[in-house]
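Architecture at a glance
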Amino acid sequence: MDTQIKKTGVILGSFLTQFIIVGMLFTYGLLMTEFEKDFGWSRTILSTIGAAGWMAWGVLAIPGGYLNDKIGPRLLLALNGLIFGVGFILMSYSNQIWHLFVIFIFFIGVGLSTHDISTLSTIAKWFGKRRGIMTSIAKIGTALGQMLIPPLIAILIIQFGWRSATFYLGIACCVGLIFAASLMSLPKAPNKEKSMENEVKEFSSNYQFWLLAACQFFIFFAMFTTMTHIAPYGKDLGLSIKDSALLLSIVGFSSIFGRLAIGLLADKLGSRRTYLICVIPMMISFYGLANSDSVNVLYFLLPLYGFSHGGHFTIVPFTIAEYFGVDRLGSVFGKITFFGAIGSVTGPIFAGAIFDSIGDYNLAFHIISLMITVCVILLFFMPKVTTGKEI
């Protein structure tokens, strides 16, 4: 009974952590338009500010994964959650570019560094055969955050301005994330699970590690470009700030289906085939975005993208656990996340620079669609794996 309570606490704590951090992360596209309006900063500069935070997240994910394996998720998530919330409080006082750079590198980036690694690796250690669906349930918090927090901040911005909105939401982040962290724990007896080779080799020498790292780079390049630029892209097509926030909510809502479907499929089909099923809709959506400027087409394509967006965050920790085992899951996850962070940095800057140069995002969407196609091809080279799992 005590074990079941702890498992429930881990799922709830992970759910709340994902809801708050990713939901707040998705507000930056809306805040970009406010900074652009108030200060006249270009989208390249604003994208670079966000990218600096993503880079800090990626660099810190490596020691974050190590610390999670050594000291556990509770203290790590509480400290990083407090730092993340303080970042948004400080953002409300910003009026210089360097202010935002400092905030994104030392507060937002630090807060991001363990939200996935700590929560998802902890779930993997608690659950065996039901790992996929339990990860999906926790990641539904991400989807609901994407759905609910951007419209909330849009309403607060309209009513009170962006400074008050970020200040009060920052306080709410601190409280909510510390509470969520208090629910986290590790099992006393580790989940006994062997990797594909029984004894895990040094993962940086395994070609499947580099295939997964490359896929993480390409997909994060696409994801963070979308997260940063889809709301400004909607405004360029004539949408209001509320309707632009709705675009982020569509991604969040459709990602629920991706998280659940991919979680269920992963438990039945394994990681390799499920990963392919996950990524293909994203590839289709970017080919569509690259060849259309219609708002109606955008509304049609975003659910496809959202399915892949949600499913990706379910399948990655599942895949890592299946290929490398759970003993060093945090460490391996942290290293693969680093490569994703490189994509998250370069993608938004690249798209912002293209927009500032030629006035639209079509070329960026064409290049991203090709990158996701390469990712699909790489996944065909992942070996099949058989693992023995215990709940």
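Each remark here, short or long, concerns the structure printed above.
Everything numeric here is computed off the predicted structure, so don't read it as measured data.

This next bit is on the overall build of the chain. When its secondary structure is counted, the chain shows 14 helices and zero strands. Traced from its N-terminal end to its C-terminal end, the chain shows the element sequence α-α-α-α-α-α-α-α-α-α-α-α-α-α. What you see for the chain is a C-alpha radius of gyration of 20 Å, in line with the 21 Å of a compact globule of 391 residues. Dimensions of the chain along its principal axes, counting C-alpha atoms only, are 55 × 40 × 30 Å. When each of the 391 residues of the chain is scored for burial, the buried share is 60%. Once the 26 positive and 19 negative side-chain charges of the chain are each reduced to a mean point, those two points are 9 Å apart.

Counting residues in each nonpolar core, the largest one holds 115 residues, and the members touching the most others are Phe35, Trp54, Phe84 and Tyr275. Counting residues per element, this core draws most heavily on helix H9 (residues 207-236), at 15 residues. Discounting residues that sit within four places of it in the chain, Phe84 has contacts with Ile21, Met24, Phe107, Ile108, Gly111, Leu112, Cys173 and Leu177.

Moving on to a nonpolar patch on the surface. On the surface, Tyr66, Leu67, Ile71 and Leu75 cluster together into a nonpolar patch covering about 400 Å² of accessible area. With three residues, the single largest contributor to the nonpolar patch is helix H3 (residues 43-71). When you line up the elements, Leu67 lands in helix H3. The partly exposed category is assigned to Leu67, whose relative accessible area is 35%.

With respect to the helices and strands, Val295 occurs in helix H12 (residues 295-324). If near-sequence neighbours (up to four positions away) are discounted, Val295 is found in contact with Leu237 and Leu239.

This next bit is on the packing of helix H1 (residues 2-25) against helix H8 (residues 162-182). Close contact between H1 and H8 brings their axes to 9 Å; oriented N to C, the two are set at 155 degrees. Here H1 lies roughly antiparallel to H8, going by the angle between them. When you trace H1 past H8, the crossing you get is left-handed. Where H1 approaches H8, its residues Gly13, Leu16, Thr17, Ile20, Ile21 and Met24 are matched on the opposing element by Leu169, Cys173, Gly176, Leu177, Phe179 and Ala180.

For the coordinates displayed, the defined rule picks out 27 aromatic pairs. The interplanar angle of 80 degrees and the centroid separation of 5.4 Å between the aromatic rings of Trp210 and Phe339 together place this pair among those described as edge-to-face. With a gap of 129 residues between them, Trp210 in helix H9 and Phe339 in helix H13 (residues 329-358) connect regions that are remote in the sequence. According to the relative accessible area criterion, Phe339 is partly exposed, its value standing at 22%. Each ring, one from Phe221 and one from Phe350, has its centre 5.8 Å from the other, and the planes form 55 degrees; the classification is tilted. Of this pair, Phe221 sits in helix H9 while Phe350 sits in helix H13, placing them 129 residues apart in sequence.

Let us look at the environment of Ile11. Its place among the elements puts Ile11 in helix H1. Given the relative accessible area of 12%, Ile11 is considered buried. A C-alpha to C-alpha distance of 7.2 Å links Ile11 and Ile123, two positions 112 residues apart in sequence. For Ile11, the contacting residues outside a window of four places in its chain are Ile123, Phe127, Met134, Ile137 and Ala138.

A separate point is the state of the cysteines. All told, the structure shown has zero disulfides when counted by the stated rule. For Cys215, which is in no disulfide, the shortest distance to another cysteine sulfur is to Cys375 and amounts to 3.4 Å. Given the relative accessible area of 1%, Cys215 is considered buried.

On to the side chain of Thr166. Mapping Thr166 onto the fold places it in helix H8. By relative accessible area, Thr166 is classed as buried at 0%. For Thr166, the residues in contact, after removing those within four places along its chain, are Leu31, Phe88, Ile89, Met91, Ser92 and Ile153.

Moving on: the side chain of Ser344. With respect to the element layout, Ser344 can be found in helix H13. A polar contact of 2.7 Å, which involves the side chain of Ser344, links it to the backbone oxygen of Ala341. Not counting the four nearest positions on each side in its chain, Ser344 is found in contact with Ala51, Trp54, Trp57, Phe220, Phe221 and Phe224.

Moving on, we get to the pattern of salt bridges. Once their charged atoms are close, side chains differing in charge can pair, the charge on each being opposite to the other. Throughout the structure, instances matching the rule amount to four salt bridges. With a closest N to O distance of 3.3 Å, Lys37 and Glu34 form a salt bridge. One end of the pair, Lys37, and the other, Glu34, are both in helix H2 (residues 28-39), three residues apart, so they sit about a helical turn from each other. The class for Lys37 is exposed, based on a relative accessible area of 59%. The shortest N-O distance in the salt bridge between Arg43 and Asp236 comes to 2.9 Å. With Arg43 in helix H3 and Asp236 in helix H9, this residue pair connects regions lying 193 residues apart in the sequence. According to the relative accessible area criterion, Arg43 is buried, its value standing at 6%. The exposure class assigned to Asp236 is partly exposed, which follows from its relative accessible area of 38%. What emerges from the salt-bridge pattern is a single network uniting Glu36, Arg43 and Asp236.

Parameters at a glance
- Residues numbered from 1 in each chain as written.
- Predicted model: local features only at pLDDT ≥ 70, side-chain atom pairs only at ≥ 80, totals over all residues.
- Heavy atoms only, no water.
- Helix = DSSP H or I, 4+ residues; strand = E, 2+ residues; numbered from the N terminus.
- Rg over C-alpha atoms; globule rule 2.2 N^0.38 Å.
- Buried < 20%, exposed > 50% of the residue type's maximum accessible area, 1.4 Å probe, protein only.
- Lys, Arg positive; Asp, Glu negative; His and termini not counted.
- Charge placed at Lys NZ, Arg CZ, Asp CG, Glu CD.
- Core = buried A, V, L, I, M, F, W, Y, C linked by side-chain atoms within 4.5 Å.
- Contact = heavy atoms within 4.5 Å.
- Patch = residues over 30% accessible without salt bridge, like charges linked within 9 Å, V, L, I, M, F, W, Y side chains within 5 Å.
- Areas by Shrake-Rupley, 256 points an atom, 1.4 Å probe, with all protein chains shown as cover.
- Salt bridge = Lys/Arg side-chain N within 4 Å of Asp/Glu carboxyl O.
- Axes fitted to C-alpha atoms, helices over the stretch in contact; angles between N-to-C directions.
- Parallel < 35°, antiparallel > 145°, perpendicular 65-115°, else oblique.
- Left-handed = near helix turned anticlockwise from the far one by under 90°.
- Phe/Tyr/Trp six-rings, centres within 6.5 Å; stacked < 30°, edge-to-face > 60°.
- Disulfide = S-S within 2.5 Å.
- Polar contact = N/O pair within 3.5 Å; in protein donor to acceptor, adjacent residues only side chain to side chain.

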